[in-house]
Amino acid sequence: MHWACVTGSSSSPTNNAETSETVDVEADVTADELMRVAVIRLACSFHDLPAHRQREVLCHELVHIALSPIDSLIEHVCGALKSKEARDLTRSAYETANEQVAWSIARVLVLTGNQ
């Protein structure tokens, strides 16, 4: 089965529901593994970015879709942890690592796609 991706637009910046802080984002993605549907929301300013940056941002979001099974695994692991502190630490460390990996892979994909 293949993923169906739908793009939409949203304003930037957005509010992070977990921390209540304002985060400036160019795009974000929500993936539903069961339905195999992902929604990529693009900030209104996305179309003002240079073409190479647009490709990088879209690749980054597509990498997040590919990594979504690991997201589910981490949520199951966190659910099994008894300590809220351990759950928060695990989620935070994973989110940071996930973002770094997604950007690294996206940059490689954009670079190799231009050749």
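These figures come from a predicted structure and were not determined experimentally.

Novice: Please set out the pairing of strand β4 (residues 27–32) residue by residue, giving values where relevant.
Specialist: Strand direction decides the pairing type here: β4 and strand β5 (residues 37–43), joined by 6 bridges, are antiparallel. The residue bridging Val 29 from the neighbouring strand is Ile 40, located in β5. Hairpin remark: β4 followed by β5, antiparallel, with 4 residues in the connecting loop; positive phi at Arg 36, about 60 degrees.

Novice: Any chance you could break down the pattern of salt bridges for me, citing the residues and the numbers?
Specialist: One pass over the structure, following the stated rule, counts 6 salt bridges. Of the charged contacts in the structure, one is a salt bridge between Arg 41 and Asp 28, with a shortest N-O distance of 3.0 Å. Of the two residues, Arg 41 is situated in strand β5 and Asp 28 in strand β4; the sequence distance between them amounts to 13 residues. Taking relative accessible area as the criterion, Arg 41 reaches 26% and is therefore assigned partly exposed. Judged by its relative accessible area of 28%, Asp 28 is partly exposed. Across the pair Asp 88 and Lys 84 runs a salt bridge, and its minimum N-O distance is 2.6 Å. Pair noted here: Asp 88 and Lys 84 are both in helix α2 (residues 84–113), with a separation of 4 residues, about one helical turn. In this structure Asp 88 comes out as partly exposed when scored by relative accessible area, which is 36%. Overall, Lys 84 belongs to the exposed group, its relative accessible area being 52%. A single salt-bridge network, built from bridges that share partners, covers Glu 26, Arg 53, Glu 56 and Arg 107.

Novice: How would you summarise the side chain of Gln 54 if you had to cite specific residues and measurements?
Specialist: The topology assignment puts Gln 54 in helix α1 (residues 51–80). With relative accessibility at 19%, the residue Gln 54 sits in the buried group. Of note is the side chain of Gln 54, whose polar atom sits 3.1 Å from the backbone oxygen of Leu 49. Those residues within four positions of Gln 54 in sequence are excluded, and the remaining contacts are Phe 46, His 47, Asp 48 and Leu 49.

Analysis parameters
Residues numbered from 1 in each chain as written. Predicted model: local features only at pLDDT ≥ 70, side-chain atom pairs only at ≥ 80, totals over all residues. Heavy atoms only, no water. Pairing = 2+ DSSP bridges. Helix = DSSP H or I, 4+ residues; strand = E, 2+ residues; numbered from the N terminus. Salt bridge = Lys/Arg side-chain N within 4 Å of Asp/Glu carboxyl O. Buried < 20%, exposed > 50% of the residue type's maximum accessible area, 1.4 Å probe, protein only. Polar contact = N/O pair within 3.5 Å; in protein donor to acceptor, adjacent residues only side chain to side chain. Contact = heavy atoms within 4.5 Å.

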